[in-house]
Amino acid sequence: MDFSLDNTSPTIDTEQISDTEELATELQDVNSVQILDKENISLHVDKCIQVDALYRPPGFRSTIMDLIRNDSDILAFTGVPTLVKFQKIVEVGELIVNRLHYNTQFTLDIYHQILLTLIKLKLNISYKCLCVLFSISKSTCKNYFYNTIDLLYLIMKSLIIWPSKTTIEKNIPKCFINFLSTRVIVDGTETAVETPKCLACRIRTYSFYKGRHTIKFMVGISPDGLITFLTDVFGGKASDKHIFETSGILEKCEVGDSIMSDKGFLVEQSCYNAGVKLIRPPFFKKNKQLSLTDGVANTEIAKA
């Protein structure tokens, strides 16, 4: 028996090796293609679900009203205490506009026109800021403001009422305990304006007291703080006495009523002729200081 080892190495089929390598290469190519396809699909899906925070659809107009959500917001921007009351103002404005039969098409509706105007009146921000907030041009913003001022006059003029004497007596504050007959407190308001081009208007509007061109009007307030009377507008040259006597406020008062004012209203004779008492702080006159009686009266009037 021959136990000798055969040192000859077994022969390897080269064709089999080449077939195996070719199969492995083919499988590797298939897997790589699948991976690439998955990557392409995932990238395509990602692009579809991405959201641009600044994207706005065509025709979309964002305004500051999109940020006003509650009563404190509307109060801060416009001075109107609640959203409900602001909506009431808008509803009255819409009724007035419908009756006027406007044919012009506006970019902003009545709601936003009134909002823009009240923000300008309350905060006095520039037209450039307003045009950004309302997505309109600066010139359009300015035109809206001037046009809506007239509309607000028509809306709110009915809110100034002359209350009855009984109503005033029911709501009179304690500081008026010594002036229970007071029907109204009057005061002149003066505000600066641009220098008019008309020479006659310059003369009428120039105020020597303020040293610039102004307009003046008189406001009447009930003892409980309600605005009850408003005069027409006069040039800054007009005196408080002239505005008072031409306002017609004495015709609204009854005999025995009192009107409270500051020292600028030299209208004692006019009030006396109408049977109305004038409550006004006393003057120094020739004395260097007030008498005891005048000092006490001055203090009481100042409290009221």
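These remarks concern the structure in this document. (Residues numbered from 1 in each chain as written. Predicted model: local features only at pLDDT ≥ 70, side-chain atom pairs only at ≥ 80, totals over all residues. Heavy atoms only, no water.)

## Concerning the side chain of Thr78
Consideration 1: Tracing the chain through its elements places Thr78 in helix α2 (residues 71-78).
Consideration 2: Looking at Thr78, the relative accessible area reads 8%, which means it is buried.
Consideration 3: Polar side-chain contacts of Thr78 include one of 2.6 Å to the backbone oxygen of Ile74.
Consideration 4: A polar contact is formed between the side chain of Thr78 and the backbone nitrogen of Val80, at a distance of 3.2 Å.
Consideration 5: Not counting the four nearest positions on each side in its chain, Thr78 is found in contact with Leu115, Leu118, Ile119 and Lys122. (Helix = DSSP H or I, 4+ residues; strand = E, 2+ residues; numbered from the N terminus. Buried < 20%, exposed > 50% of the residue type's maximum accessible area, 1.4 Å probe, protein only. Polar contact = N/O pair within 3.5 Å; in protein donor to acceptor, adjacent residues only side chain to side chain. Contact = heavy atoms within 4.5 Å.)

## Considerations on the packing of aromatic side chains
Consideration 1: A full pass over the atoms with the stated rule returns six aromatic pairs.
Consideration 2: With 6.3 Å between their ring centres and 80° between their planes, Trp162 and Phe229 make a pair best called edge-to-face. With Trp162 in the loop between α6 (138-156) and α7 (165-170) and Phe229 in strand β4 (residues 227-230), this residue pair connects regions lying 67 residues apart in the sequence.
Consideration 3: On the basis of relative accessible area, Phe229 is assigned to the buried category, the value being 6%.
Consideration 4: Between the aromatic rings of Tyr206 and Phe208, the centroid separation amounts to 5.2 Å while the plane-to-plane angle is 85°, which identifies the pairing as edge-to-face. (Phe/Tyr/Trp six-rings, centres within 6.5 Å; stacked < 30°, edge-to-face > 60°.)

## Some details on the pairing of β4
Consideration 1: Here strand β3 (residues 212-221) runs beside β4; their pairing, made up of three bridges, is antiparallel. From the neighbouring strand, Val219 faces β4, where its bridge partner is Leu230. (Pairing = 2+ DSSP bridges.)

## Observations concerning the environment of Arg204
Consideration 1: Considering the arrangement of structural elements, one finds Arg204 in helix α8 (residues 199-205).
Consideration 2: Beyond its immediate chain neighbours, meaning those up to four positions away, Arg204 contacts Gly235, Gly236 and Lys237.

## Points about the pattern of salt bridges
Consideration 1: Here the structure, examined in full by the defined rule, presents five salt bridges.
Consideration 2: The partner of Asp257 in a salt bridge is Lys165, with the nearest N and O atoms 3.0 Å apart. Taken together, the positions of Asp257 in the loop between α10 (249-252) and β6 (258-260) and Lys165 in helix α7 put the pair 92 residues apart, joining distant regions of the chain.
Consideration 3: Counted as one network, the salt bridges with shared partners bring together Lys165, Arg183, Glu254 and Asp257. (Salt bridge = Lys/Arg side-chain N within 4 Å of Asp/Glu carboxyl O.)

## Describing the packing of helix α5 (residues 127-134) against α6
Consideration 1: Following both chains from N to C, one finds α5 and α6 inclined at 100°, their axes separated by 8 Å at the closest point. With respect to each other, α5 and α6 are oriented roughly perpendicular. On the side of α5, the interface is formed by Tyr127, Lys128, Leu130 and Cys131, while α6 contributes Lys138, Cys141, Lys142, Phe145 and Tyr146.
Consideration 2: Along the lines of polarity and charge, the residues of the contact of α5 with α6 split into six nonpolar, no polar and three charged. (Axes fitted to C-alpha atoms, helices over the stretch in contact; angles between N-to-C directions. Parallel < 35°, antiparallel > 145°, perpendicular 65-115°, else oblique. Nonpolar A, V, L, I, M, F, W, Y, C, P; charged D, E, K, R; others polar.)

## Quick word on the layout of surface pockets
Empty pockets left among the atoms are what a rolling probe the size of a water molecule brings to light.
Consideration 1: Of the volumes computed, that of the largest pocket is approximately 1300 Å³.
Consideration 2: Taken together, the elements giving at least two residues each to the lining of the largest pocket come down to α3 (83-100), α4 (110-123), α6, β1 (182-192), β3 and β4.
Consideration 3: The element best represented in the lining of the largest pocket is α6, accounting for five residues.
Consideration 4: In terms of residue class, the lining of the largest pocket is built from 21 nonpolar, seven polar and six charged. (1 Å grid on protein atoms, 1.4 Å probe; cavity = no way out; pocket = protein on both sides within 12 Å on 5 of 7 lines; lining within 4 Å. Points joined across faces, edges and corners; volume = space filled by probe spheres on them.)

## Side note on the nonpolar core
Consideration 1: Phe86, Ile114, Leu115, Leu116 and Phe134 are the most contacted members of the largest nonpolar core, which has 28 residues in total.
Consideration 2: Where this core is concerned, the elements lending two or more residues are α3, α4, α5 and α6.
Consideration 3: When residues in this core are grouped by element, the largest group, seven residues, is from α4.
Consideration 4: Excluding residues that lie within four positions of it along the chain, Phe86 makes contacts with Ile74, Val80, Tyr111, Ile114, Leu115 and Leu118.
Consideration 5: Among the nonpolar cores identified, the runner-up in size contains 16 residues, and Met218, Ile259, Phe265 and Val276 belong to it. (Core = buried A, V, L, I, M, F, W, Y, C linked by side-chain atoms within 4.5 Å.)

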